[in-house]
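If you want the building blocks of each chain, they are given just below.
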Amino acid sequence: MGNVKKMLPVRFEESEIEEIRAQAESEGRTLQEYAHDTLMEAVSARAHRRRDTLDRVLRISEGLNRRLAQ
């Protein structure tokens with residue numbers, strides 16, 4: 001079974017759309033391609049930051065957890 005594409009309606013101010021459209025055009029992409037790629041990059045970056053934060057908390061709390069377990 002292939003990937004099913006779904007729509008995600010998002011509302012923007014006209015000035016925001018124009019700014020997004022201008023950036024897409026400057027990169028030689030359609031508005032839809034640009035919006036999709038930008039959103040997916042943001043999702044990926046947020047997930048990466050979350051993993052890094054959780055890893056850091058685990059490293060910091062490792063010693064404390066060891067001491068509490070004694």
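Preceding this section is the structure that the text describes.
Read on for an overview of the structure. (Residues numbered from 1 in each chain as written. Predicted model: local features only at pLDDT ≥ 70, side-chain atom pairs only at ≥ 80, totals over all residues. Heavy atoms only, no water.)

### Quick notes on the overall build of the chain
- Helix and strand content of the chain: two helices and zero strands.
- Taking 70 residues into account, the globule formula puts the C-alpha radius of gyration at 11 Å, and the chain, at 20 Å, lies well above it.
- Over its C-alpha atoms, taken along the principal directions, the chain stretches across nearly 60 × 35 × 20 Å.
- Among the 70 residues that make up the chain, the fraction classed as buried is 9%.
- Taken as a whole, the chain presents about 6,900 Å² of accessible surface, with 55% of it coming from carbon and sulfur.
- A distance of 13 Å separates the average location of the 13 positive side-chain charges in the chain from that of its 13 negative side-chain charges. (Helix = DSSP H or I, 4+ residues; strand = E, 2+ residues; numbered from the N terminus. Rg over C-alpha atoms; globule rule 2.2 N^0.38 Å. Buried < 20%, exposed > 50% of the residue type's maximum accessible area, 1.4 Å probe, protein only. Areas by Shrake-Rupley, 256 points an atom, 1.4 Å probe, with all protein chains shown as cover. Lys, Arg positive; Asp, Glu negative; His and termini not counted. Charge placed at Lys NZ, Arg CZ, Asp CG, Glu CD.)

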